[in-house]
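Here is how the chains run, residue by residue.
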Amino acid sequence: METVARELLPYRDVIGNIAGILTVAQFLSGCFTCNEIRKKGSSEGFSPMQFVLGCGLTALQLKYSQMLASAVLIRTSAYGLSICIVYSGCFLWFTPSDRRRPFFTLASKVFLLTSATIYYAGVEDPLKVKDRFGLLITVLTLAYIALPLTKLGEVVRQKSSAGLPLPVILTTTCASVLWLLYGIILNNYFIIIQKVVALGLCFLQLSLFVIYPAKTKRE
């Protein structure tokens with residue numbers, strides 16, 4: 001692995017920048033959901049979980065990126081956090097005032113947990129906190145990537161992958177490959193493990209498109 005890292009070192013910034021662009025593109029896929037909400041004129045029937053959890057996760061990723069002192073990771077996390085905040089605001093805007101309680105409840109829980117974790121990172125021993133924070137980010141990121149698998153039962157039942165977001169999954173796959181290379185260059189095992197498992201989840205989701213092709217409108 002050290003040999004691979006040395007070979008890739010001259011391309012570190014290029015790999016990191018492309019991976020960052022793909023990651024931001026992955027976040028931008030939420031525009032489709034926001035547009036559906038806008039056309040409907042209401043967020044009824046949509047869940048804010050992806051957007052609100054995205055805010056918490058990207059905030060934690062931003063903190064971890066600062067620990068690693070990686071400009072590429074910091075920039076990508078900051079963009080991701082900004083995008084998720086905009087999405088959450090859009091969701092709230094189209095939510096009737098008498099139905100906003102679940103949104104505020106979820107947002108409050110995510111905010112408190114995120115703030116407590118960031119506070120802990122600031123007071124814990126610097127020699128210990130990086131590994132612990134890295135492990136936490138790995139678990140949360142993998143759970144976030146696996147969100148589309150919550151529709152697995154529906155895909156199997158309907159024998160159609162139409163409900164899965166193919167562009168998002170493809171973008172996530174490409175970004176994970178590049179972040180894996182970036183993790184190898186940094187010799188960061190948390191990033192490496194995170195992206196190896198992420199790729200496994202992505203390939204599992206992509207296999208569903210082969211096993212259960214999306215049915216055409218006519219079908």
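Here, the structure is the one placed above.
These numbers were taken from a predicted model, which means no experiment stands behind them. All residue numbers refer to positions counted from 1 along the written sequence of the respective chain. This being a predicted model, a pLDDT of at least 70 is required before a residue's local features are given, and a value of 80 or more before pairs of side-chain atoms are given or counted; all residues contribute to the totals for chains, interfaces and linings. Note: side-chain values were computed over all heavy atoms of the structure, leaving out hydrogens and water.

### Considering the nonpolar core
Side chains that are nonpolar tend, in soluble globular proteins, to be buried together. What makes a nonpolar core is a set of buried Ala, Val, Leu, Ile, Met, Phe, Trp, Tyr and Cys residues whose side-chain atoms join them at distances within 4.5 Å. Note on exposure labels: buried denotes an accessible area under 20% of the residue type's maximum, exposed denotes more than 50%, and partly exposed covers the range between, all computed with a 1.4 Å probe on protein chains only. Core analysis: the largest hydrophobic core is formed by 18 residues, its most contacted members being Cys-34, Phe-51, Leu-81, Ile-83, Tyr-87, Phe-91 and Phe-103. Labels follow the DSSP assignment, with helices taken as runs of H or I lasting at least four residues and strands as runs of E lasting at least two, numbered in each case from the N terminus. Among the elements of the structure, helix H2 (12–28), helix H3 (30–40), helix H4 (49–68), helix H5 (71–93) and helix H6 (101–123) are those that each provide at least two residues to this core. The element best represented in this core is H5, accounting for 7 residues. If near-sequence neighbours (up to four positions away) are discounted, Tyr-87 is found in contact with Phe-27, Leu-28, Ser-29, Gly-30, Cys-31, Cys-34 and Phe-51. If you look at the next biggest cluster of nonpolar residues, it comprises 11 residues, including Ala-19, Leu-73, Trp-179 and Ile-191. Contacts are assigned to residue pairs with any non-hydrogen atoms lying within 4.5 Å of each other.

### Quick notes on the environment of Gly-41
With respect to the element layout, Gly-41 can be found in the loop between H3 and H4. C-alpha separation for the pair Gly-41 and Trp-93, spaced 52 residues apart in sequence, amounts to 9.8 Å.

### A word on the pattern of salt bridges
Any Lys or Arg side-chain nitrogen found within 4 Å of a carboxyl oxygen on Asp or Glu counts as a salt bridge. The final tally for this structure, using the stated rule, is 4 salt bridges. Here Glu-36 ties to Lys-39 by a salt bridge, and the two come within 3.3 Å at their closest N and O atoms. Here the residue Glu-36 and the residue Lys-39 both occupy positions in helix H3, the gap between them amounting to 3 residues, near one helical turn. Glu-36 sits in the partly exposed class, given a relative accessible area of 39%. Classification of Lys-39 as exposed rests on a relative accessible area of 54%.

### As for the environment of Arg-38
Relative to the elements of secondary structure, Arg-38 occurs in helix H3. Of the residues examined, Arg-38 reaches a relative accessible area of 48% and is grouped as partly exposed. Between the C-alpha atoms of Arg-38 and Cys-90, which are 52 residues apart in sequence, the distance is 8.6 Å.

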